[in-house]
Amino acid sequence: MIIDQVNWTVDTTILGIVRGTTATAIYGVGSQIHNYYMTISTSVSSVFIPQINRIVARHEGDWALTDLFTRVGRIQFMLLMLVLTGFIFAGKPFIEAWGGPEYGDAYYIALLLMVPVTIPLIQNLGIEIQRAKNMHQFRSAVYFGMALGNVLISIPLGQLYGGIGCALGTAISLLIGNGVIMNLYYHRHIGLDMKYFWKRILEILPGMLPAVVLGIVLTSRVAFSGYKGVILFALPYTAVYCAGVYLLSMDDSEKKLVKDVTGRVTKLVKRKGN
């Protein structure tokens, strides 16, 4: 946890030294959006911690862990990609409405942080699997190396490109550490079938295409700004995304989960109405 905090705060420290307070403030806005993005994933995975410990304690095998890891990862990916793809299309006018036009660079900073961090976010159940197996020391060593690499890369990039350069340095360290090293560790040492995991994750992509096409068409033909413009974009985009993912990406168990949740919400609304 200490190393993780160092890794996420090193950019603002470097920026304060090499570029000053203005660049640090702009980076802070992008970083804040990235922090909100991260909470979406952790709120899902925390529910399954007791189940992971039961599987390990009962020696149910690595396949049971892989299955749970993959099912939770798919749900996290569907939720995160709604936010990420929507932010790609509507993020800049949202930031300019929130902080002002002078904070426009925060959009690119947020994207550089959000895109690579999606990999560990859809795999953060793996952290609990490592802890349950008492094999989490390697991750700490990897994150320590990522923090050092982040510093070495971000200093020259920050001097050249400011906050965007520091965010790029963080993105590179995340892709190498989480995207490559940790995935290999999960597959070879933890016992998780990462080929199966990524195959199931990639199966979600076709369901996202209708929303992405809609986003491209809307942003190319309509210039929107302010909170009102962002909301008018977000409503149809969210509807098309959810419909596409439900019809083209979800398996039967995921559709049943959606029906159960919507059914409970409907009953709750009816009770309050009565």
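Bear in mind the structure is a predicted one, so any value in this text is a computation, not a measurement. Counting restarts for each chain, with residues numbered from 1 along the sequence as it is written. Only residues with pLDDT of 70 or above have their local features reported here, since the model is predicted, and side-chain atom pairs are shown and tallied only from 80 upward, although totals for entire chains, interfaces and linings are computed over all residues. To get the side-chain values, take all heavy atoms of the structure and skip hydrogens and water.

Undergrad: Where do I start with the nonpolar core in this structure?
TA: Soluble globular proteins: nonpolar side chains tend toward being buried together. Of all hydrophobic cores here, the largest spans 64 residues; its most connected members are F87 and L192. Only runs of H or I of at least four residues qualify as helices and only runs of E of at least two qualify as strands under DSSP, and these elements are numbered from the N terminus. No other element matches helix 4 (residues 62-99), which puts 13 residues into this core. The contact rule is simple, with two residues in contact once any of their heavy atoms fall within 4.5 Å. With near-sequence residues (within four places) excluded, L192 lies in contact with L65, T66, F69, I129, Y186 and H187. The set of buried Ala, Val, Leu, Ile, Met, Phe, Trp, Tyr and Cys residues whose side-chain atoms join them within 4.5 Å is what this entry labels a nonpolar core. Type-normalised accessible area, obtained with a 1.4 Å probe on protein chains alone, sets the label of each residue: buried when under 20%, exposed when over 50%, and partly exposed for intermediate values.

Undergrad: Which parts of the structure should I look at to understand the environment of L125?
TA: Here L125 lies in helix 6 (residues 125-132). L125 has contacts with S45, F48, I52, L68, F69 and V72, leaving out every residue within four places of it along the chain.

Undergrad: Can you walk me through the packing of aromatic side chains in this structure?
TA: Ring pairs shown here join Phe, Tyr and Trp side chains whose ring centres sit within 6.5 Å, with only the six-membered ring taken for Trp; geometry is labelled stacked below 30 degrees between planes, edge-to-face above 60, and tilted in between. Applying the stated criterion across every chain, the model contains 13 aromatic pairs. Aromatic ring contacts, followed pair by pair, group F69, Y186, F197 and W198 into a single cluster. Whether a charge lies above a ring is judged from NZ of Lys or CZ of Arg, which has to be within 6 Å of the ring centre and within 35 degrees of the ring normal. A cation sits over an aromatic face here: R139 above Y143, 4.2 Å from the ring centre. Of note, K255 hangs over the ring of Y246, and the distance from its end group to the ring centre comes to 5.5 Å.

Undergrad: Looking at this model, I keep getting lost on the environment of W98. Mind explaining?
TA: Looking at the secondary structure, you find W98 in helix 4. Residue W98 is classed as partly exposed on the basis of its relative accessible area of 33%. Along the primary structure W98 and Y227 are separated by 129 residues, whereas in three dimensions their C-alpha atoms are 8.2 Å apart. The residues touching W98, leaving out its near neighbours within four places in the chain, are V29, Q32, I33, Y36 and Y227.

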